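Okay, here's what each chain looks like letter by letter:
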Amino acid sequence: MEDMTIDEKLAVDKFHVDEGHEHICVDADASPSEIERLVKLCPAGLYRLDGTGRLTFDYAGCLECGTCLVVGLGGVVRSWSYPRGGMGVEFRQG
Amino acid sequence: MGQEGKSEVSEDTERFDAIIVGAGLAGCTAAYLLAEKGLEVVVIERGSFAGSKNMTGGRLYGHSLEKVIPGFAERAPVERRVSKERISLLTEDSGFTIDFTSESLKDPSRASYTVLRSKFDSWYAEQAESNGAMFIYDICVDDLIVREGKVCGVIAGEDEMEADVVLLADGAVSLLAQRIGMRPAPTPQATAVGAKEVISLDERTVTDRFGLASGEGCAWMFDGYVTDGHIGGGFLYTNEDSVSLGVVTTIGDVDHSATTVPEMLRRLEGHPLVAPLLEGGKVIEYTGRLILEGGFDALPKLLDDGVLLLGDSAGFGINVGYAVRGMDLAIESGRLAAETVCDAKRAGDFSAASLASYRSRLEGSFILKDMRFYRKFPSFMEGTRNMFTSYPEMVEEIMMGMFTVDGSDPVRLKTKVKGAIGKVGLWNLAMDVKHGMGAL
Ligand SMILES: Cc1cc2nc3c(=O)[nH]c(=O)nc-3n(C[C@H](O)[C@H](O)[C@H](O)COP(=O)(O)OP(=O)(O)OC[C@H]3O[C@@H](n4cnc5c(N)ncnc54)[C@H](O)[C@@H]3O)c2cc1C
Ligand code: SF4
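Quantities reported herein were computed from a predicted structural model and do not represent experimental measurements.

(A) Broad picture of the overall build of chain B. Each helix and strand counted, chain B has 16 helices and 19 strands in total. Computed over the C-alpha atoms, the radius of gyration of chain B is 23 Å, within 12% of the 22 Å expected from 2.2 N^0.38 for a compact globule of 440 residues. Overall, the C-alpha framework of chain B stretches about 85 × 45 × 40 Å when taken along its three principal axes. Relative to its full complement of 440 residues, chain B shows a buried share of 58%. Long-range contacts, defined here as pairs at least 24 residues apart, represent 74% of the contacts in chain B between residues at least 6 apart. Accessible surface, chain B: about 17,700 Å² in total, of which carbon and sulfur atoms supply 52%. For chain B, the centre of its 45 positive side-chain charges and the centre of its 65 negative side-chain charges are spaced 7 Å apart.

So this is what it looks like as structure tokens:
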């Protein structure tokens, strides 16, 4: 099996992206150690640090696992909800 | 896109006997049985079809579904019946494997099957539907209607729907149970995150590479290197023409090392024991999910006026670090919830006092018996990091000693074993064995 990056793996999944409706809002000014935790834990690798060490986040590849809700609510995560009904990731295998 | 074909909830509030939130295994079981008894039941699911939001590791112990649909495995889209169990201790470049095969693993009363939830849950929802249950997809329940302390229905956007009883089968995150104060927000120490990928291989290749008979499958757990010292482990389940490969790690353990969750999965894929088995395979899906692992001592309030918690939303599950079990518990809780609701319907009373028989049913079932049995396991795991670090290294050293012939001076096996154990410390080993046995 070829070695794949997390982005290549996510690209295989089916998403109904709810454009303009971010179901997770993050705070890039939260404490760096908290951000670091989410960089490690998010299974989709959506919490990233850019070249200047600042948090970037893209809700579009979210697997809706709830990990950042458990770890980050009130800190890095300003608000968390599921995408609207029928939107978001759709598992064809599960 | 998902919004097309969105089923509208009727304006003039319809009334049902029961509303079930979530078309997972717990929700589908309750719907199947309540509809069979002639109750008006509706399942509301936020995904576009049952299973579209659900993932699991891969192994369903069949005993509880067998009680709902006897002989289900003949008809349901199960992948393979597990006939081979493997457990491996990994270091970066070695693997020590226990391989167990037995004809008695195939006995229907104790058989287990690998499953893929997208297919499996869709099938289960169809069975419930043919019993008369109604399913509404593409609707996310935002809140519950609560009057004078009693749950009376659900709210989704502008729409409301009422029922005598609401069954929350909305999974591990269960925002709804938290919202009405039945469950506290999960803590990082009592939760784990799982990531999994499905790798396609043809049916024959899976059968041959894992040394299986046709239709039979392998369940494989990995401990050690993959999680980089974190509590957790890896798993592999063979499907009909694919393999489910994943990792689980405790969230509260995140500061332990710099390895990310996606990186843990890459460690497993690339490990010399695993990589050759995946040769030529293609990743066809990547998923992630939360696991509650607080166990018996973290159980929430399981029922209240007009409401019951089922499956993962009730925290029903057993996690022994490397292996997770929740599906057979989710199904059994769905069955017990249905029995409870039928009794309450007969009595015309859906108060907490009337629904309290759910608790006693759970107490009498394997759910709370097994969870009580494993109650010390979460703290045992926290107490012994050696399981994930030094033990795999110790075993590697002993095995290398046994299997290496390179012309150097011979050393007695006893001395080799002593040397390897010495690094962990005999006292530590003895204490871990003692506590480990005590936790079981
Ligand atoms: C990595 C991993 C490996 C595992 N391995 C195994 C294993 O090998 N064997 C085993 O037995 N168990 C395993 N488990 C546990 C098992 O997957 C769960 O216990 C099981 O899926 C629980 O089923 P459920 O019906 O309670 O919840 P779920 O399957 O999570 O279903 C919940 C449903 O509710 C819906 N929902 C949620 N919120 C709303 C809302 N607000 N409105 C409408 N719908 C909503 C969801 O879309 C979903 O369909 C594993 C879990 C993980 C994460
Ligand atoms: S819910 Fe899970 S997948 Fe989505 S952003 Fe949070 S941690 Fe990542």
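Anyway, onward from the coordinates.
(B) Structural detail: the pattern of salt bridges. Residues and elements named next belong to chain B. Tallying each qualifying case throughout the model produces 40 salt bridges over all chains. The salt bridge partner of Asp 228 is Arg 267, with a shortest N-O separation of 3.7 Å. Of this pair, Asp 228 sits in the loop between strand E12 (216-224) and strand E13 (232-238) while Arg 267 sits in helix H7 (residues 261-270); the two residues are 39 residues apart in sequence, bridging distant segments of the chain. You can call Asp 228 partly exposed: its relative accessible area is 28%. One salt-bridge network, held together by shared partners, links Lys 67, Glu 332, Arg 335, Glu 339, Asp 343, Arg 346 and Arg 361.

(C) The nonpolar core, seen in detail. Residues Leu 34, Phe 72, Phe 135, Leu 167 and Phe 316 of chain B are the most contacted members of the largest nonpolar core, which totals 88 residues. For this core, the element with the highest residue contribution is helix H9 (residues 327-347) of chain B, accounting for ten residues. Excluding its chain neighbours within four sequence positions, the residues that come into contact with Phe 72 of chain B are Leu 60, Gly 62, Leu 65, Glu 66, Val 78, Tyr 113 and Phe 120 of chain B. Membership of the second largest hydrophobic core comes to 55 residues, among which are Cys 62 of chain A together with Ile 199, Phe 210 and Tyr 286 of chain B.

(D) Examining the site of ligand 2 more closely. In the vicinity of ligand 2, 14 residues are found, and the nearest of them are Cys 42, Cys 62, Leu 63, Cys 65 and Cys 68 of chain A. When grouped by side-chain class, the residues that make up the shell around ligand 2 number eleven nonpolar, two polar and one charged.

(E) Representation of the interface of chain A and chain B. At the interface, 39 residues of chain A touch 56 residues of chain B. The contact between chain A and chain B buries some 4,000 Å² in all, and 58% of this surface belongs to carbon and sulfur atoms. Broken down residue by residue, the surface that chain A buries against chain B is led by Met 1, Lys 40 and Gln 93 of chain A, which jointly contribute 21%. Inspection of the region where chain A meets chain B yields six salt bridges. Linking Lys 9 of chain A and Glu 269 of chain B is a salt bridge whose minimum nitrogen-to-oxygen distance equals 2.5 Å. On the surface where chain A and chain B come into contact, there are 22 residue pairs in polar contact (both at pLDDT 80 or more). Counting residues per element, the ones that place at least two in the side of chain A that touches chain B are helix H1 (6-10), helix H2 (32-41), helix H3 (67-72) and strand E6 (88-90) of chain A. Its residues placed into classes, the side of chain A that touches chain B shows 22 nonpolar, nine polar and eight charged.

How each quantity is defined
- Residues numbered from 1 in each chain as written.
- Chains lettered and ligands numbered in written order.
- Predicted model: local features only at pLDDT ≥ 70, side-chain atom pairs only at ≥ 80, totals over all residues.
- Heavy atoms only, no water.
- Helix = DSSP H or I, 4+ residues; strand = E, 2+ residues; numbered from the N terminus.
- Rg over C-alpha atoms; globule rule 2.2 N^0.38 Å.
- Buried < 20%, exposed > 50% of the residue type's maximum accessible area, 1.4 Å probe, protein only.
- Contact = heavy atoms within 4.5 Å.
- Areas by Shrake-Rupley, 256 points an atom, 1.4 Å probe, with all protein chains shown as cover.
- Lys, Arg positive; Asp, Glu negative; His and termini not counted.
- Charge placed at Lys NZ, Arg CZ, Asp CG, Glu CD.
- Salt bridge = Lys/Arg side-chain N within 4 Å of Asp/Glu carboxyl O.
- Core = buried A, V, L, I, M, F, W, Y, C linked by side-chain atoms within 4.5 Å.
- Near = heavy atom within 4 Å.
- Nonpolar A, V, L, I, M, F, W, Y, C, P; charged D, E, K, R; others polar.
- Buried area = accessible area lost by both parts, 1.4 Å probe.
- Polar contact = N/O pair within 3.5 Å; in protein donor to acceptor, adjacent residues only side chain to side chain.

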